[in-house]
Structure formats: structure tokens, C-alpha cells
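As a plain string of letters, each chain reads:
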Amino acid sequence: MNTRADFLSCSTPLTEAQEGLWNMQARDPRNPILNTGLYLDLQGALDSHALTQAIARTIAETPTLSLRFLETSHGPRQVPGPPLMLGFADLSVQPDAVGQALALMRHDSQRPLRLAEEPAAALTFFVLNPERHLLYLRIHHLAIDCYGMLLIANQIAAHYTALVAGTPAPAPLPPPSHASDEDAAYRNSARRADDRNWWHSQLAGLPKAVGRAVSGHDYLRERRELPPDLAKTLVTFAQTHGLGWPDVLRALTGAYLARRTGGETLIGLPYPARIGENMASLPCTVANVLPHHLRLDEQAPLPDWLALQSARMAQGRCHGRYRSELLRRELGLTGMSRLYGAIVK
């Protein structure tokens, strides 16, 4: 049996991105909001044996899935535990197999984890009927961010395709040590100081964000899809003016909020923060949320105003590795004060 001393001997410090999440979780240990999850809806004929093999291979090359996190006399540490076990649930005889599977997923994702005692991730394969299966993946944000979850799902799909087609297996995912190496290099770089100074110059004297610096224990979900004509208009407008449609949509959403907060607002913009080939394909936690200040200018032509916002968003991404948690503390936004208001994805 492994003892605490055994775990500590092979543990490593948290990265800067993880430290902010650790502090957030430590302030509210019973809050499950940092559990992130997805499920794949697999419809049609499925080679279950090949899929379980694909999952096993992905688990074997991704020790981040089995991470444990614990407080020590040297600060919080992370350590890989035993390999993750794939859960299995055959619901094919249940009257509402889909509803029961989703209820089980919700129960798991809304459960606060014992981070020192259980793996950061869970994988469950649900059988609904011979032609439909669900693959559920839940990971605590301390281990892997949302972008990293997509990398895991894509790697499972790549292994499955290779197994079914009899082709070579995909290249393995990069080792977790790359994240620690990148973090250490950035912490000791001149670029980090430049990024910090840029953000301080941008945020000096700005109004406080609206809202309290607390997190709920669940999300309120409301799904609305853009009508096809509106989506087409958005893309055409962006292309006509040489802009990216995601930045146009973010800026317009910010403008909507600013009209309700006195003509200006501070929004948060999620940023993957993955620079370089290794980080782009590494399941880990590195994503950041960047503050973006919007001030309405009702006299400016809309394309000009949107171009300005897009350029400023691009500047923020250039300095986007500097952690927003550090900025909040350095700017004295303690207690209930927030660095940004609504997050616009």
C-alpha cells in the first residue's frame, strides 16, 4: 500500500495556472463548480471492444487523468495515482436510458471531489441500445482544462479509428512534464515581466467590474442557437471588414452589456494560452481568462469600433499567459471585488 510519504516522494509543485484554481477550491472545498464534463453521443454500429481498447490506450498515455492533489508543508502538490478505471453501465433495459444516463452524469459532475484521495477524472461508457452509446468524461479543472478535454476525446477517437481500420496508432500525447517545463520557463522569463507591466498599464484607473467575487455551485443553462441567416450575416460582415467573427460576436455581446452598465464594462475573455506545438496537443490546465474593457462610442462607425475592439483583444492575447488571478491580487481587488464581470466565450 502506498503511504503519504510514497506519494510525496514522486509529487511535483503546481503550475501557476493550477495555483489559482487550487486557491479557489480551497476557499470553498464543497463547491463542485471546477468539475468540467462532456459526453460523446455515439450513434450507429460500434465496435465496443475497439473503443474500450482506445480508451485504455489514451488513459495509459495520459497520467494527468489520475492526478491527486494534496496540501503539504511545502505547499500544494500533485501526484499521479493508479491508472484510471473505465466505468461501465448497461442501461439498455431501462425505460428511459438516456434520461438515466444524463442523471448519473449530473450526479457525478455535481459531486465535490476528494482531491487527495480520488483521481481528478472519471470515464464512463453507457450502453443505451445496440445502436447508441454515450461516453462520459469528467475532469477537475485543476488537472485539465476544457481545451484539454477535447484533446482527450480526439485521442480516443484517433485510437479507435486506427484499431478499426488496422492502421498505425496515432502519435502519443506529450508527457505532463512539458507543462511544468513551460511553466518554469515562463515564470523566469523577461516576457512574464513585460506581460505583467502591459496588463497593469491597461487596467490602471478602470472602473470596477459589476458583480461579487463568489462562485455558485452550479450553472444556469439556457441554450439558444443563432438563426442560420443571422449566423451567415455575422460571418459575412466579419469577412467583409477583415475581422474574425468570434471577436465580432464577443464585442457585440460586450456592447450589449455595456449599455446596461453606464456605457462601459469589463468582460472576461477565455484564452487557451497554448503556445508551441507541445502545449497545443498537451492535456493540462493552462487556459486563462483575460479582462477586456469596453467603452461604447455611439458616434463611431460600427466597423471601426469593432476593428478597435478586435485589435485590443489580439493585444491581450499576446500577453495572455500572465494569470488573471495574479492581476486581481496585485491590483488590490481582494474580498468581494472582481477583475472582470461576465465571461464571454
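Residues numbered from 1 in each chain as written. Predicted model: local features only at pLDDT ≥ 70, side-chain atom pairs only at ≥ 80, totals over all residues. Heavy atoms only, no water.

1. Regarding the overall build of the protein
Thought 1: Along the protein, the regular secondary structure elements total twelve helices and nine strands.
Thought 2: A compact globule built from 345 residues would reach a C-alpha radius of gyration of about 20 Å, and the protein, at 22 Å, matches this within 12%.
Thought 3: Along the three orthogonal principal directions, the C-alpha set of the protein runs to about 60 × 55 × 40 Å.
Thought 4: The buried share among the 345 residues of the protein stands at 42%.
Thought 5: When the accessible area of the protein is evaluated, it comes to approximately 18,600 Å², of which 56% is carbon and sulfur surface.
Thought 6: For the protein, the distance from the average site of its 34 positive side-chain charges to the average site of its 32 negative ones is 5 Å. (Helix = DSSP H or I, 4+ residues; strand = E, 2+ residues; numbered from the N terminus. Rg over C-alpha atoms; globule rule 2.2 N^0.38 Å. Buried < 20%, exposed > 50% of the residue type's maximum accessible area, 1.4 Å probe, protein only. Areas by Shrake-Rupley, 256 points an atom, 1.4 Å probe, with all protein chains shown as cover. Lys, Arg positive; Asp, Glu negative; His and termini not counted. Charge placed at Lys NZ, Arg CZ, Asp CG, Glu CD.)

2. What about the nonpolar core?
Thought 1: In this structure, Leu65, Phe69 and Ile139 are the most contacted members of the largest nonpolar core, which totals 32 residues.
Thought 2: If one sorts the elements of this core by residue count, helix H3 (residues 48-60) sits on top with five residues.
Thought 3: Residues in contact with Ile139, not counting those within four places in the same chain, are Leu34, Asn35, Thr36, Leu65, Ala120, Ala121, Ile144 and Met149.
Thought 4: The next biggest cluster of nonpolar side chains, apart from the first, holds 19 residues, and it includes Leu203, Tyr271, Met279 and Tyr340. (Core = buried A, V, L, I, M, F, W, Y, C linked by side-chain atoms within 4.5 Å. Contact = heavy atoms within 4.5 Å.)

3. So, the pattern of salt bridges
Thought 1: Scanning the entire structure with this criterion turns up 19 salt bridges.
Thought 2: When the shortest N-O distance is used, the salt bridge between Arg323 and Glu325 registers 3.1 Å.
Thought 3: The network of salt bridges with shared partners includes Asp108, Arg111, Arg114, Glu117, Glu118 and Arg138. (Salt bridge = Lys/Arg side-chain N within 4 Å of Asp/Glu carboxyl O.)

4. Section: the sheet that holds strand S4 (residues 75-80)
Thought 1: Across the sheet, three strands lie side by side as S1-S4-S3; this open sheet has antiparallel pairing. Here the strands that pair on one side only, and so sit at the sheet edges, are strand S1 (12-13) and strand S3 (67-72).
Thought 2: Here S3 pairs with S4 via six bridges, running antiparallel. From the neighbouring strand, Phe69 faces S4, where its bridge partner is Gln78.
Thought 3: Contacts between helix H2 (residues 16-27) and the sheet are confined to S3 and S4, with S3 contributing the most and set at about 70 degrees to the helix. (Pairing = 2+ DSSP bridges. Axes fitted to C-alpha atoms, helices over the stretch in contact; angles between N-to-C directions.)

5. Re the packing of H3 against helix H5 (residues 146-165)
Thought 1: The geometry of H3 relative to H5 is characterised by a closest axis approach of 8 Å and an angle of 130 degrees between their N-to-C directions. With respect to each other, H3 and H5 are oriented oblique. Between H3 and H5 the crossing geometry is right-handed. The segment H3 lies against H5, with Ala50, Leu51, Gln53, Ala54, Ile55, Arg57 and Thr58 engaging Ile152, Gln155, Ile156, His159, Tyr160, Leu163 and Val164.
Thought 2: Among the residues forming the contact of H3 with H5, the class breakdown is nine nonpolar, four polar and one charged. (Parallel < 35°, antiparallel > 145°, perpendicular 65-115°, else oblique. Left-handed = near helix turned anticlockwise from the far one by under 90°. Nonpolar A, V, L, I, M, F, W, Y, C, P; charged D, E, K, R; others polar.)

6. Quick word on helix H8 (residues 228-240)
Thought 1: Along its 13 residues, H8 runs 18 Å from first to last C-alpha, staying within 8% of the 18 Å computed at 1.5 Å per residue.
Thought 2: Immediately downstream of H8, the backbone of Gly242 shows phi near 70 degrees, a positive value. (Expected span 1.5 Å × (residues − 1).)

7. Describing the confidence of the model for the protein
Thought 1: Averaged over every residue, the pLDDT of the protein is 92; the share at 70 or more is 95%.
Thought 2: Confidence scores differ between elements of the protein, with helix H1 (residues 4-9) showing the lowest mean pLDDT of 65 and strand S7 (residues 132-140) the highest of 98. (pLDDT = per-residue confidence, 0-100.)

8. Quick look at the sheet that holds strand S2 (residues 35-43)
In sheet architecture, strand pairing relies on hydrogen bonds along the backbone and comes in two forms, parallel and antiparallel.
Thought 1: Here we have four strands laid out as an open sheet, ordered S2-S7-S6-S5, and mixed in their pairing. The open sheet has two free edges, formed respectively by S2 and strand S5 (86-90), since each of these has just one partner strand. When strand polarity is set aside, the average angle formed by the axes of neighbouring strands in this sheet is 15 degrees.
Thought 2: Relative to S7, strand S6 (residues 121-129) runs antiparallel, the two being bridged by eight bridges. Paired with Phe125 across the strands is Leu135, a residue of S7.
Thought 3: On top of the sheet, H5 reaches S2 and S7; it is set at about 30 degrees to S2, its chief contact.

9. Some points on the packing of helix H9 (residues 245-258) against helix H11 (residues 302-318)
Thought 1: Packing of H9 against H11 brings their axes to within 9 Å, and their N-to-C directions diverge by 110 degrees. On the basis of their axis angle, the class for H9 and H11 is roughly perpendicular. Contact residues: H9 offers Asp247, Val248, Arg250, Ala251, Leu252 and Ala255, while H11 offers Leu302, Trp305, Leu306, Gln309, Ser310, Met313 and Arg317.
Thought 2: Residue classes in the contact of H9 with H11 are distributed as eight nonpolar, two polar and three charged.

10. Some words on the packing of aromatic side chains
Thought 1: Applying the stated rule across the entire model yields two aromatic pairs.
Thought 2: An angle of 40 degrees between the planes, with centres 6.1 Å apart, marks the rings of Phe88 and Phe125 as tilted. Of this pair, Phe88 sits in strand S5 while Phe125 is found in strand S6, placing the two residues 37 residues apart along the sequence.
Thought 3: Under the relative-accessibility criterion, Phe125 is labelled buried at 2%.
Thought 4: The ring of Tyr256 has Arg260 lying over it, and the distance from NZ or CZ to the ring centre is 4.0 Å. (Phe/Tyr/Trp six-rings, centres within 6.5 Å; stacked < 30°, edge-to-face > 60°. Lys NZ or Arg CZ within 6 Å of the ring centre and 35° of its normal.)

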